Amino acid sequence: MATIAIQLDPAKLRNPDLDIRYELPDLLSKWTSGRVVDSGYDYAGAEASPCLLLLLSADNADSVSEVIDFLKVVPVLGNDLSRVAVALEINGNVRVVHPHDFSGTFHWSGSS
């Protein structure tokens, strides 16, 4: 079992509508034919401007590539998500897998 975390910074979204919390996991579940499912959300980072973390469960870590493929090509609620940070957690180990040149802070510790 793997957990995929998507970090969304509202300040970097064209449309920071919080409905993305429901819309994006539903779309990803359909895109992956149910191989990726909603596992909740959290807020992290600076209290004044927290990031939204969407957590997804996947039976196989390879499903993260399907999630990244989706983010690269499908706008959600008018937002281009092609460069949002995506992390993968397996057995307590968390690593950012997208974008390949990610240099910011991923605020999720991996404890879901």
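Below you will find a few notes about this structure. (Residues numbered from 1 in each chain as written. Predicted model: local features only at pLDDT ≥ 70, side-chain atom pairs only at ≥ 80, totals over all residues. Heavy atoms only, no water.)

## Remarks on the pairing of strand 3 (residues 51-58)
The two faces of the sheet receive side chains in turn, since in a regular strand these alternate between them. Of all the eight residues making up strand 3, eight are buried; the element is thus mostly covered by neighbouring parts of the structure. Side chains Cys51, Leu53, Leu55 and Ser57 of strand 3 all project onto a buried face; the interleaved residues Leu52, Leu54, Leu56 and Ala58 project onto the opposite face, where all are buried too. With seven bridges connecting them, strand 1 (residues 2-8) and strand 3 associate as antiparallel partners. If you follow Ala2 over to strand 3, its bridge partner there is Ala58. The pairing of strand 2 (residues 36-44) with strand 3 spans eight bridges and is antiparallel. In the strand pairing of strand 3, Tyr43 is matched with Leu52. Turn length for the strand 2-strand 3 hairpin, with the two strands adjacent in sequence and antiparallel, is six residues, and the turn residue Gly45 shows positive phi of about 100°. (Buried < 20%, exposed > 50% of the residue type's maximum accessible area, 1.4 Å probe, protein only. Helix = DSSP H or I, 4+ residues; strand = E, 2+ residues; numbered from the N terminus. Pairing = 2+ DSSP bridges.)

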